[in-house]
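# Structural description and commentary
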Amino acid sequence: MADINVKINGIAVSVPKGTTVLEAAHKAGVDIPTFCYMKEINEIGACRICMVEINEGRGFRMVAACVYPINYDNTEIRTNSPKVLDSRRKTLELILSTHDRKCLSCVRSGNCELQALCNEMGIEDETVYEGEKPSYEVDDSAVHMWRDNNKCILCRRCTAVCAKWQGVGVIGANERGFKTNIGSAFEMGLGDTSCVSCGQCIAVCPVGALSEKDYVDDVFKALADENKTVIVQTAPAVRAAIGEEFGFEIGTNTEGKMAAALRRLGFDKVFDTDWAADLTIMEEATEFVERFTKGGTLPLITSCSPGWVKYCEHYFPDMTENLSSCKSPHQMQGAVIKTYWAEKNGIDPKDIVVVSIMPCTAKKFEITRPDECGAGVPDVDYVLTTRELARMIRRAGLKFASLPDEDFDNPLGLSSGAGDIFGATGGVMEAALRTAYCWLSGNNEEVVEFHEVRGTDGIKRSTVNINGTEIKVAVASGLANARTLLKRVQSGEEKVDFIEIMACPGGCVNGGGQPQQPASVRNFLDLRSERAKALYGEDAAKTLRLSHLNKDVQALYDEYLEKPGSHKAHELLHTTYIKRTIN
Amino acid sequence: MATKKTVPFNGTEEQKAKLLGVIAELKDQQGALMPVLQEAQKIYGYLPIEVQKIISDEMEIPMEKIYGVVTFYAQFSLYPKGKYNISVCLGTACYVKGSGDIYDKLQEILEIGGGECTADGKFSLEACRCIGACGLAPVMTVNEDVYGRLTVDQIKDILAKYE
């Protein structure tokens, strides 16, 4: 289609017909603020903060830039005229009239889209429309998060991701007008609903209405306790994103500085969950080969993502037998730390505190599950999100950017490239296939890359032929995509042997516990692929790229577990599931 | 907003069968939720959690979405009508004559909010707009009985008349 000529604040740009004003302005290097808008999933034009003046030949009028398409040649747009700025300021003042303005004690202070815009717009009096304010109790019923509706600006990004990305839809707008509030059916607490704890709502919230339950102080307290050995482990996706909290470009791998920061925070050992990712592959690939060759329940579905596991339990209870019985990697690592490592080092597991740094809020729920206590004590004591770790680093006064690059501690810090890519959609599948390929082909050291399962497509499929054996695999990320795939599998339309599912779109790199990026970044950059690059880059640069060649994982089996899938491995590294209902 | 538990749900199998029939008929139409909710309210008189759950399961729509629609539109009710339905006029004339205080007093005595029903199923309370009896303002009705020129201290005695 022919391009259309547009003038934005006098700057000429040409854009395809139908381009929104917001996108055209972006192309012209002009930012227009948005609150409600999320490309493709929340194009509701409701918040009115993006209003601009447009002239399509019949004089200027106001439209919502986020959804208004440019259809006429020579359209003129003003995004910063006095009328536009006045409208924007009034909209902000009205939002502020019902907003709980406790910025100083707000978790989002300094990283709040409302606060930043008020600052940009030069808001001088936040009480200009002072009047009646709605008052809500904070919902703390969920294990992993709080909702404080007193800070909610009703943008509905959270409800859009919950319903459309995740197909869960346990939160939405209730009532109308002044009483409109985000909540669940019949005012149920979030903890009583079939919320899967993925935290995508938190990741997209522009303000401090939604946040993970913060355990930073608890971890500082544990670190100060001389009777405790405090061990930290970090998930693959954390290193791909924590740099964003300290000014690094999105997609920068800051693994070395992260390890250095953790050591300076006082953790006794800095281990890497990537190590347990390799261990997971040993167990899961064994489980797959077992089921595949002996006629067990297929498709086998990965169980690394606790948001997905909870979703399966609520929404596909008939398929919990398809879930791999493997614990997720950080739980495995916790179980190994409190048994094998504890015995080797002569430490009572009761005196060990394991802290997992995760891109995930569902892991906070996961550690409270039954059957996650390999040593008779919880495998993991605290889960902190990437954001909470950033808070710890700031609170401790560490200058992250100028820290040296350090390595993880061993033996539970060594990982293969296959373990590193666990943080991106398709990564677990590729890691498993690399090892399965070696085992079935008899060539123990050949690294085969599986590009069909890479990338950010919601559902990916591939057929892998290993020595004449055909294995059909599928990968889904985002639970709405998982649902589409599983419905087809259930109905028999699609036959698959092995499925990887991650709850968050794009996988853990885009997890609910990752740094929050404002709409001005999110709407124009694919966080999923940028962050994933950091992990695939790490994998490509390594010599060790096969999980089964990780010598420290091999040592664990030689010295302690005997072999993958052994009785002892099952006791420590595997778990059970619960059939739940939809609420 | 729901403030308390109300009358126990007494839906019958006939009502359920009727609702399932309506859903089956409308399910595949675009925007079927509104007509289904309207029919469901005709069948049951109101839309409690039990009814919304049936609709949610059958239509594969999250219950929150249904609840959001039900609480958005004034035509839908989460509570049944009581044996005696009290309606307080909040139209302009009644309001300036103090019907807001009457309404507040009723909520206080009955311990329910507007649109709700007492747990024993006896009284339900709602606000209405002008009923054309402005000369009697402030006005309320209890089923067919009309009470005019009301004062707050009369309310208790009026309620006591209803067994």
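The rules behind each value
Residues numbered from 1 in each chain as written. Chains lettered and ligands numbered in written order. Predicted model: local features only at pLDDT ≥ 70, side-chain atom pairs only at ≥ 80, totals over all residues. Heavy atoms only, no water. 1 Å grid on protein atoms, 1.4 Å probe; cavity = no way out; pocket = protein on both sides within 12 Å on 5 of 7 lines; lining within 4 Å. Points joined across faces, edges and corners; volume = space filled by probe spheres on them. Helix = DSSP H or I, 4+ residues; strand = E, 2+ residues; numbered from the N terminus. Nonpolar A, V, L, I, M, F, W, Y, C, P; charged D, E, K, R; others polar. Pairing = 2+ DSSP bridges. Contact = heavy atoms within 4.5 Å. Axes fitted to C-alpha atoms, helices over the stretch in contact; angles between N-to-C directions. Salt bridge = Lys/Arg side-chain N within 4 Å of Asp/Glu carboxyl O. Buried < 20%, exposed > 50% of the residue type's maximum accessible area, 1.4 Å probe, protein only. Domains from an automatic or database assignment. Buried area = accessible area lost by both parts, 1.4 Å probe. Polar contact = N/O pair within 3.5 Å; in protein donor to acceptor, adjacent residues only side chain to side chain.

### Description of empty space enclosed by the protein
All names here are of chain A. Under the criterion given, the structure shown has 5 cavities of 30 Å³ or more. Counted as a void, the largest cavity has a volume near 300 Å³. Lining the largest cavity are 28 residues, with Cys304, Ser305, Pro359, Lys363 and Cys508 positioned closest to its centre. When contributions to the lining of the largest cavity are tallied by element, the ones reaching two or more residues are α7 (236-239), α9 (273-294), α10 (306-315), α11 (329-345) and α12 (362-366). Tallied by class, residues from the lining of the largest cavity come to 18 nonpolar, 9 polar and 1 charged.

### Some thoughts on the sheet that holds strand β17 (residues 498-502) of chain A
Residues and elements named next belong to chain A. What the 4 strands build is an open sheet, ordered β12-β17-β16-β15; its pairing is mixed. Looking at which strands have only one partner, the edges of the open sheet turn out to be β12 (300-301) and β15 (459-466). Bridge analysis of strand β16 (residues 469-477) against β17 gives 5 bridges, and the strand direction is parallel. In the strand pairing of β17, alanine 474 is matched with isoleucine 499. Strands in contact with helix α15 (residues 427-441) are β15, β16 and β17; relative to β17, the strand with the most contacts, it is inclined by about 155 degrees.

### As for the pattern of salt bridges
When the charged atoms of two side chains lie near each other, side chains of opposite charge can form a pair. All names here are of chain A. Enumeration over the complete set of coordinates arrives at 52 salt bridges over all chains. Here arginine 263 and aspartate 409 are joined by a salt bridge, their closest N and O atoms 3.1 Å apart. Of this pair, arginine 263 sits in helix α8 (residues 255-265) while aspartate 409 is found in the loop between α13 (386-395) and α14 (417-420), placing the two residues 146 residues apart along the sequence. Judged by relative accessible area, which is 18%, aspartate 409 ranks as buried. For the salt bridge of glutamate 321 with lysine 579, the shortest nitrogen-to-oxygen distance reads 3.2 Å. Of the two residues, glutamate 321 sits in the loop between α10 and α11 while lysine 579 sits in the segment after α20 (567-573), which places them 258 residues apart along the sequence. Take glutamate 321: its relative accessible area is 44%, and that puts it in the partly exposed class. Look at the salt bridges and you will find they share partners, linking Glu430, Arg434, Glu449, Arg454, Asp539 and Arg545 into a network.

### What to know about the domain arrangement of chain A
All names here are of chain A. Its domain assignment divides chain A into domain 1 (3-93), domain 2 (121-212) and domain 3 (217-573). With 14 residues of domain 1 in contact, the opposing surface of domain 2 contributes 15 residues. Roughly 1300 Å² is buried in total at the junction of domain 1 and domain 2, and carbon and sulfur atoms are behind 69% of that figure. Connecting domain 1 to domain 2 are 0 salt bridges. Counting every contact that joins domain 1 to domain 2 gives 4 residue pairs in polar contact (both at pLDDT 80 or more). Partitioned by chemical class, the residues of the side of domain 1 that touches domain 2 number 8 nonpolar, 2 polar and 4 charged.

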